[in-house]
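Residue strings, one per chain:
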Amino acid sequence: MTLSLYDTASREVRDFVPLRPGTVGVYLCGATVQGVPHIGHVRSGIAFDVLRRWLTHRGYDVLFIRNITDIDDKILRKADEAGRPWWEWATTHERAFTSAYDALNVLPPSAEPRATGYVTQMVEYMERLIDRGHAYVADGNVYFDVMSQPDYGSLSGHKLDDVHQGESAGTGKRDPRDFTLWKAAKPDEPSWPTPWGHGRPGWHLECSAMATSLLGPEFDIHCGGMDLVFPHHENEIAQSHAAGDGFAQYWLHNGWVTMSGEKMSKSLGNVVSIPAMLTKVRPVELRYYLGSAHYRSMLEYSEGALHEAAAGFRRIESFVKRVAERVADVPVGDVNDDFAAALDDDLGVPAAMAAVHNAVREGNTALEAGDAQKALAVAASVRAMTSILGTDPLDEHWASSADSDDAATGALDVLIRAELDRRAAARAAKDWAAADEVRDRLAAAGVDVTDTPDGAQWALKTKD
Ligand SMILES: Nc1ncnc2c1ncn2[C@@H]1O[C@H](COP(=O)(O)OP(=O)(O)OP(=O)(O)O)[C@@H](O)[C@H]1O
Ligand SMILES: [Zn+2]
């Protein structure tokens, strides 16, 4: 079977045919490093880590680029509020993203370009756009002339009359639908020299410049969260096509992690950070949970679903470990046909996971019936399948998640739950003062309490 992928641009599932046989170039829009990562950010990383692992399994040499946006309004504002240099703010949060990806076994990209490292390429890009009549300069800003690009709107389906870029008006913009390629310098803001004066990059231009610098003017797959379809990816396409580049051949978009149906996002404030999650479950269990839905579906966060997923993972883990203890070391074997068919069908992870669980059931039956060789073969296959999903229970990556941390977290959970029970009893008795006292004391000790439909939940406060 061949791999087929849902391409947002053509709105259909298409057989995947790489531009150059045997190699695949993938570009994923990475983080704007303005704060600590939340589970939504990492879901995007995980979804396309599975794509990468599957392509590699299928024999392709995959070049996987995930960028870092290290200059942006939010980074400047937050660094300023904290009284810290913007570059320190960006670097600190870049490290937080790197450790979150590492903790969850997201493979490091082939390259991780930072926007500030590609200013020369951005200037060249703008020169090409200006020369070809698609961009103009006004007061040191450079804008893209949307009406000059006949296929504008093709990715998102936006009609030209409905285009709102969601950016400030900008001095000298000829048409409100035009978008900013480059922002003129403001006093006290970082800036870089260009032929049109000092300034700093616009977000959309960065990604076109980084993607084409590393993967060439035409490459295979461009990925990102579905929030990026418009305007970010629409504008990347406009710039790139206007510059004469073929750009991405397939556009893949992941659904969100949501809370009460809304996108988990820093600006809405409904975020769960990775360290907070790792006080509840092990990293491999969190990875299993975040990778469990189809990449295009929404994943509504709930603590109940998280624990259910963790229990699902433990069923796989306990089978593989029992075989390792009772029979022999379990090698990494090969995936079974159901699993392969599921992933070939637009990365159908839920069906692929069902194939894993069917295999586990079959393996457990074999083990109980004393058929050690069959159990061993099934366990080897389970290792192969889970390693594509990044959750092989015997992957040495997980060996480092120290047991002592688990024990400490477990002990803390018992103590905090006792406090939360006291608070629940006080609330039931309408003794609000006593209930608030518990909450305040936990807050002072660095513990956040959130009331959810599953009851009160706790997490250690994270710095932001
Ligand atoms: N809740 C979410 N669920 C799934 N993917 C997400 C979520 N939030 C962000 N992403 C994806 O993570 C990647 C990096 O996102 P980016 O740094 O631009 O964050 P963002 O969308 O501005 O969110 P926030 O405001 O919370 O930081 C993008 O591909 C984005 O689409
Ligand atoms: Zn991007």
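Reading guide: rules and limits
- Residues numbered from 1 in each chain as written.
- Chains lettered and ligands numbered in written order.
- Predicted model: local features only at pLDDT ≥ 70, side-chain atom pairs only at ≥ 80, totals over all residues.
- Heavy atoms only, no water.
- UniProt positions renumbered as here; feature names shortened; annotations may be inferred.
- Donors = N, O, S within 2.8 Å, 3.2 Å for Na, K, Ca; no water.
- Helix = DSSP H or I, 4+ residues; strand = E, 2+ residues; numbered from the N terminus.
- Buried < 20%, exposed > 50% of the residue type's maximum accessible area, 1.4 Å probe, protein only.
- Domains from an automatic or database assignment.
- Buried area = accessible area lost by both parts, 1.4 Å probe.
- Salt bridge = Lys/Arg side-chain N within 4 Å of Asp/Glu carboxyl O.
- Polar contact = N/O pair within 3.5 Å; in protein donor to acceptor, adjacent residues only side chain to side chain.
- Contact = heavy atoms within 4.5 Å.
- Near = heavy atom within 4 Å.
- Nonpolar A, V, L, I, M, F, W, Y, C, P; charged D, E, K, R; others polar.

The protein carries the name Cysteine--tRNA ligase in an unreviewed UniProt entry, which gives Gordonia malaquae NBRC 108250 as its organism. Recorded under Subunit (unreviewed entry), the UniProt text for the protein is reproduced unchanged: "Monomer." Among the UniProt annotations of the protein, the heading Catalytic activity (unreviewed entry) holds the following wording: "tRNA(Cys) + L-cysteine + ATP = L-cysteinyl-tRNA(Cys) + AMP + diphosphate".

On the protein side, the zinc ion (ligand 2) has C29 (SG), C207 (SG) and H232 (NE2) as donor atoms, found 2.1 to 2.2 Å from it. Counting the intervening residues between successive donors of the zinc ion (ligand 2) yields the motif C-x177-C-x24-H. Of the two residues, C29 sits in the loop between β3 (23-28) and α1 (39-57) while C207 sits in helix α5 (residues 203-215), which places them 178 residues apart along the sequence. Neither residue differs from the other here; C29 and C207 are each classed as buried.

In terms of domain boundaries, the protein breaks down into domain 1 (4-254), domain 2 (299-399) and domain 3 (403-460). Using only C-alpha atoms to locate each centre, domain 1 and domain 2 end up separated by 36 Å. Of the roughly 1,500 Å² buried between domain 1 and domain 2, counting both surfaces, carbon and sulfur atoms make up 58%. Among the residues domain 1 hides against domain 2, the three largest losses belong to V50, W54 and N105. Together they make up 39% of the total. Here domain 1 is connected to domain 2 by one salt bridge.

Glancing now at the side chain of R383. Its location among the elements puts R383 in helix α12 (residues 372-388). Here the side chain of R383 touches V330 through a polar contact of 2.7 Å, landing on its backbone oxygen. Setting aside chain neighbours within four positions, we find R383 in contact with V320, V330, P331, V332, D392, L394 and D395.

In the numbering used here, UniProt assigns the feature "domain: Cysteinyl-tRNA synthetase class Ia DALR" (unreviewed entry) to residues 338-399. Annotation note: span residues 338-399, helix share 77%, strand share 0%, distance between end C-alpha atoms 29 Å.

Right, let's talk about the site of ligand 1 for a bit. In the vicinity of ligand 1 lie 22 residues, with H38, D227, V257, K263 and K266 positioned nearest. H38 is positioned with one of its side-chain polar atoms (N or O) 2.8 Å from an oxygen atom of ligand 1. Interatomic distance of 2.8 Å between a backbone N/O atom of M264 and a nitrogen atom of ligand 1. Those elements that place two or more of their residues in the shell around ligand 1 are α1 and β9 (218-225). Per-element accounting of the shell around ligand 1 gives the leading share, three residues, to α1. Classifying every residue of the shell around ligand 1 gives six nonpolar, 13 polar and three charged.

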